[in-house]
Amino acid sequence: MLSDHQKFKNQVIDDHLKSMKYSFTLFIALLASWLLWSGHFEPFILLLGLFSCIFSLWICHRMKIVDEESAPIQLGIRPFTHYAPWLIKEIFKSNIEVTKIVLAPKLKLQRNMIEVGANPKTELGRVILANSITLTPGTVSVGMEKDRILVHALSFEGAEEDLSGDMDRRVCRLEGK
Amino acid sequence: MDLLLAATETNDSLFNDYALVVTSVAILVTMILALIRAMLGPTVFDRVLALNMFGTKTVLLICVIGFLTNRTDFLDLALLYSLMNFIGMVALLRFSEYGSFREEGAEIGSSAKS
Amino acid sequence: MMVLISILTWLLLLSGSFFAVVGGIGIVRLPEFFSRLHGGGITDTLGAGLIIAGLLFQGELSLVTVKLLMILFFLMVTSPTSCHALARSAMTQGFKPVLEVDTLDSNKN
């Protein structure tokens, strides 16, 4: 009985700590973006900025959107160092393919729809995967079930690339600890 | 190559300005093409797609014009425009889908939050 | 060094403009809504990306660079989101894409 109670209490404290962590991250991000976009460093204006950051944080708390999705600190900077370069390369490749299709004197379309598996565990991971699929032209993610993404592709090459599951593995690695 | 060297050494900023002018003309051409699609578009989604593209090009055009006139505070406006574009498009889609801006209950195709 | 930066700027800006116009042509030329999404995708990714990359080399390293990178990041996050929202909302309203799964090049424009 006592242990149950203790467990519940620990859970509450744990949740609280977690929420503190994400609130802190969000606050730092807000403050950084405020400083970046304002470019003024007089004390009065800095104070105003601090107040607006606190106000925004309060609104976010009221809307209950402060969690691992709004302040994804658990990903660290790996999205920028490991994932983005590969994604940029893919974007270049598929852009050139679609450009060839669009500029050909006679449109040679091979439109098809496929379903690819989405293995990332968290919702954030699935959103990153679906957005990456859309970001590479030639493929657009149209619908999303639990662990399947419905993809509309302009050519077979693009569809095959998605079916190979390379992107899926990379996003899984991204969210894995 | 000689011409290029001479141009860059004598008047570098002017030389680069030509690139900015060419870019803004290209962006304007793209905006016109998007407008053509918005006028032709048989369905409402074609029009929204064209509108979205028009908004993105507006952001880019503001950036380029800001650099052309050496007023980099235009970048703040560009970010504001991109925010407005995104929110406006989502609002428009929601309006065309449900006929009002109310919060929907069960959505088709979206995974339920646990 | 100045020449190099100048050439790089020209290259990036011109290729960005090229891809932007190609996307514009795509959005007018492709036959139905779901294919036109791909045309819009070209301008939103490589067109915007290359033009902003070209602008990065225009100014010296300062707050402006960070602002440009923020704008690029924001565009890269929002454009697929709105694209997906558009496609999904079209699907839920009953628009079905035209497909040629079994026919290779029988498309008549």
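Structure first, text after, so check above.
Per chain, residues are indexed from 1 in the order of the written sequence. Chain labels run from A onward and ligand labels from 1 onward, assigned in the order the entries are written. Where local features are concerned, this predicted model is filtered to residues with pLDDT of at least 70; where side-chain atom pairs are given and counted, the filter is 80 or more; whole-chain, interface and lining totals use all residues. Only hydrogens and water are set aside when side-chain values are computed; all heavy atoms of the structure are taken into account.

K.L.:
For this particular structure, what's the right way to read the overall build of chain C?
P.N.:
In terms of regular secondary structure, chain C is built from 3 helices and 0 strands. N-terminal to C-terminal, the α/β element order of chain C is α-α-α. The rule is simple: take the accessible area with a 1.4 Å probe, protein chains only, and divide by the maximum for that residue type; under 20% is buried, over 50% is exposed, in between is partly exposed. Scored against the burial criterion, the 109 residues of chain C give a buried share of 57%. Should any heavy atoms of two residues lie within 4.5 Å, those residues are considered in contact. Counting contacts in chain C only where the partners sit at least 6 residues apart, residues at least 24 apart contribute 66% of the total. For helices the rule is a DSSP run of H or I covering at least 4 residues; for strands it is a run of E covering at least 2, with both sets numbered from the N terminus onward.

K.L.:
What is the right way to look at the overall build of chain A in this model?
P.N.:
Looking only at helices and strands, chain A has 6 helices and 3 strands in total. Listing each helix as α and each strand as β along chain A from the N terminus yields α-α-α-β-α-β-β-α-α. The burial tally for chain A puts 39% of its 177 residues in the buried class. Once local pairs closer than 6 in sequence are excluded, the contacts in chain A between residues at least 24 apart make up 70%.

K.L.:
Help me understand helix 5 (residues 156-163) of chain A in this model?
P.N.:
An α-helix turns once every 3.6 residues. As a result, residues three or four positions apart point the same way. Residue and element names in this part refer to chain A. Restricting attention to buried positions, one finds in helix 5 the residues Gly158, Ala159 and Asp162. Relative to the axis of helix 5, the buried residues are bounded by an arc of 100° and lie together on one face. Taken together, the buried residues of helix 5 touch helix 3 (78-103), strand 1 (112-117), helix 4 (123-135), strand 2 (139-144) and strand 3 (148-153). Directly beyond the C-terminal end of helix 5, a positive phi value near 80° is found at Gly165. The directions from the helix axis to the C-beta atoms form the arc being described.

K.L.:
Just checking my understanding: could you explain the pattern of salt bridges for this structure?
P.N.:
Between side chains of opposite charge, a pair can form as their charged atoms come close. A side-chain nitrogen of Lys or Arg and a carboxyl oxygen of Asp or Glu constitute a salt bridge if their distance falls within 4 Å. The tally for this structure, following the rule as stated, stands at 7 salt bridges over all chains. When the shortest N-O distance is used, the salt bridge between C:Lys67 and B:Asp76 registers 3.1 Å. One end of the pair, C:Lys67, is in helix 3 (residues 63-92); the other, B:Asp76, is in helix 4 (residues 74-98), on a second chain. For C:Lys67, a relative accessible area of 11% gives the class buried.

K.L.:
Any chance you could explain the sheet that holds strand 2 of chain A here in plain terms?
P.N.:
Pairing between the strands of a sheet is mediated by backbone hydrogen bonds and can be parallel or antiparallel. All names here are of chain A. Pairing in this open sheet of 3 strands is antiparallel, and the strands run 1-3-2 from one edge to the other. Since the sheet does not close on itself, it has two edges, and those belong to strand 1 and strand 2, each with one partner. If you compare each strand with its neighbour and ignore which way they point, the axes differ by 30° on average. Together, strand 1, strand 2 and strand 3 form the strand contacts of helix 5, whose direction differs from that of strand 1 by roughly 10°. Strands are treated as partners if at least two bridges between them are detected by DSSP. Angles shown run from 0 to 180 degrees and are taken between the N-to-C directions of axes, each axis being a line fitted to C-alpha atoms and, for helices, limited to the stretch in contact.

K.L.:
For this particular structure, what's the right way to read the pairing of strand 3 of chain A?
P.N.:
On a regular strand, one side chain projects to one face of the sheet and the next to the other, so that they alternate. Of the strand pairs in this sheet, strand 1 of chain A and strand 3 of chain A are connected by 6 bridges, and their pairing is antiparallel. Across the sheet, A:Glu115 pairs through a bridge with A:Leu150, a residue of strand 3 of chain A.

K.L.:
Just to check I follow, could you spell out the environment of A:Leu124 for this structure?
P.N.:
Residue and element names in this part refer to chain A. Along the polypeptide, Leu124 turns up in helix 4. Residue Leu124 is classed as buried on the basis of its relative accessible area of 18%. Beyond its immediate chain neighbours, meaning those up to four positions away, Leu124 contacts Glu68, Glu69, Pro72, Gln74 and Leu75.

K.L.:
Is there a simple way to think about unusual backbone geometry in this case?
P.N.:
Peptide bonds are, in most cases, trans, and in most cases residues other than glycine have a negative phi. Residue and element names in this part refer to chain B. Positive phi values are uncommon outside glycine, yet Asn70 reaches one of about 60°. Note on placement: Asn70 falls in the loop between helix 3 (44-68) and helix 4. Classification of Asn70 as exposed rests on a relative accessible area of 69%.

K.L.:
Honestly, the environment of C:Ile27 in this entry has me stumped. Any pointers?
P.N.:
Relative to the helices and strands, C:Ile27 is located in helix 1 (residues 2-29). Taking the relative accessible area as the measure of exposure, C:Ile27 reaches 0% and is therefore buried. Residues C:Ile27 and C:His38, 11 residues apart in the sequence, show an inter-C-alpha distance of 8.0 Å. Setting aside residues up to four positions removed in sequence, C:Ile27 forms contacts with B:Leu33, B:Arg37, B:Leu49, B:Ala50, B:Met53, C:Arg36 and C:Gly39.

K.L.:
What's the story with the interface of chain C and chain B in this structure? I'm lost.
P.N.:
The parts lose accessible area when they come together, and the size of an interface is often stated as this lost area. Taken residue by residue, the interface counts 45 residues in chain C and 48 residues in chain B. The term buried area means the drop in 1.4 Å probe accessible area that two parts suffer when joined, counted for both and summed. Of the roughly 4,300 Å² buried where chain C meets chain B, counting both sides, 75% is carbon and sulfur surface. At the junction of chain C with chain B, the criterion picks out 2 salt bridges. For B:Asp46, the salt bridge goes to C:Arg36, with nearest N and O atoms at 2.5 Å. We call two N or O atoms a polar contact when they sit within 3.5 Å, provided that within protein one can donate a hydrogen and the other can accept it, with sequence-adjacent residues counted only if both atoms are side-chain atoms. Counting the contacts that link chain C with chain B gives 7 residue pairs in polar contact (both at pLDDT 80 or more). Among the elements of the structure, helix 1, helix 2 (33-56) and helix 3 of chain C are those that each provide at least two residues to the side of chain C that touches chain B. Under the grouping applied here, Gly and all other residues not named as nonpolar or charged are polar, the nonpolar ones being Ala, Val, Leu, Ile, Met, Phe, Trp, Tyr, Cys and Pro and the charged ones Asp, Glu, Lys and Arg. Tallied by class, residues from the side of chain C that touches chain B come to 27 nonpolar, 14 polar and 4 charged.

K.L.:
Looking at this structure, how should I read the interface of chain A and chain C?
P.N.:
On the chain C side, the residues contacting the 38 residues of chain A number 43 residues. Summing both sides of the interface, chain A and chain C together bury roughly 3,500 Å²; the carbon and sulfur share of this comes to 70%. Its largest share of buried area at the contact with chain C, chain A owes to A:Leu36, A:Leu107 and A:Arg111, together 20% of the area lost on that side. Viewed at the interface, chain C and chain A are joined by 1 salt bridge. Here C:Glu32 makes a salt bridge to A:Arg111, at a shortest N to O gap of 3.0 Å.

K.L.:
Looking at this structure, how should I read the nonpolar core?
P.N.:
Take the buried Ala, Val, Leu, Ile, Met, Phe, Trp, Tyr and Cys residues and link them wherever side-chain atoms come within 4.5 Å; each set so joined is a nonpolar core. Membership of the largest hydrophobic core comes to 61 residues, with the highest contact counts inside it found for A:Ile149, C:Leu68 and C:Ile71. Per element, the largest residue contribution to this core is 8 residues, and it comes from helix 2 of chain C. Counting 18 residues, the second-largest nonpolar core is a separate cluster that includes A:Val140, B:Phe45, B:Val48 and B:Met89.

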